[in-house]
Amino acid sequence: NIAYGRTGASRAEVEAAVDELAAREGRIDVLVNNIGGSLRVPFRFLEQSDEDWERVMAVNVTACVTTTRAVIPVMRRNGYGRIINMGSKAGRFGSLFTGTPYVAAKGAMQAFTLQIAQEFGPDGITCNTICPGAILTPRVERFLGERHTAEERARIVASIPVRRQGRVEDIAAAVAYLASEEAGFVNGATLDINGGVKYFGGEGLNVVARYPRGAEPGGDVGRIELTRINAVQADRAAGRPVQTEYQ
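The structure contained in this document is the topic of the report that follows.

Cut-offs applied
Residues numbered from 1 in each chain as written. Predicted model: local features only at pLDDT ≥ 70, side-chain atom pairs only at ≥ 80, totals over all residues. Heavy atoms only, no water. Pairing = 2+ DSSP bridges. Helix = DSSP H or I, 4+ residues; strand = E, 2+ residues; numbered from the N terminus. Axes fitted to C-alpha atoms, helices over the stretch in contact; angles between N-to-C directions. Contact = heavy atoms within 4.5 Å.

### Concerning the sheet that holds strand β4 (residues 190–193)
- Strand order in this open sheet of four strands is β1-β2-β3-β4, and the pairing throughout is parallel. With partners counted over all chains shown, the strands left at the sheet margins are β1 (30–33) and β4, one partner each. Here the strands of the sheet are splayed against their neighbours by 20° on average, with no regard to which way each runs.
- Pairing of strand β3 (residues 125–132) with β4, which is carried by four bridges, proceeds in the parallel orientation. Pairing of T129 across the sheet is with T190, part of β4.
- Sitting on the sheet, helix α2 (residues 50–78) touches β1, β2 (81–86) and β3, and the angle it makes with β1 is about 175°.
- The sheet contacts of helix α4 (residues 100–120) involve β2, β3 and β4, and relative to β3 the element is tilted by about 160°.

### Structural notes on the side chain of S180
- Inspection of the secondary structure puts S180 in the loop between α7 (168–178) and β4.
- In this structure S180 touches Y80 and R82, once residues within four positions along its chain are discounted.

So, to be careful, I would describe these as geometric facts and stop short of saying anything about function.
Rendered as structure tokens:
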């Protein structure tokens, strides 16, 4: 494992770690850029500072660029490599929780993936992105337990077509496949792992975000209300597939 970004590792430390691993093993076959976070910057775009943007981009984009740049020469020498970038549902469809820097950063990872896939595919190196939805890690479990009632959690699950929330094993299985030789013809792909949920809150949902003015969505006072609607087409035709209200 190579730690960078939030852990404070420098570019020189990353390059040294890659050199050490390559010297010891003779090759590096798989790189999983499993790093990211919104870093709790303000949700509203006009309240975000340049420093907020720089911090989020450093962790979510620059760290992956630096590690990928250090690893690719080793993969090229061996004519083989699998690079897997961790995107997010937020980068695909926007977010009601994390704010613009994180959404932009995860969207950038998809574009980065496409270019790496195109440039280094001839060298036997594939590059793909995994975009998870909400996965029940201990942190997410804690968040849901603290901020949602049992009834609200049931409504969230009911909004997911497969009627369950994501597990770490769901993501691990996708990583294992994309890292395998069997995935050699999968290149530049974006794999959504969210149980079939699309857009902001899911197909068939009208998402209303209500926060006391001045409060940060996702904070202790934040609350998301998910209400299922029957006539999805009519709602979209009226121009309100997603409605956001601040109170």
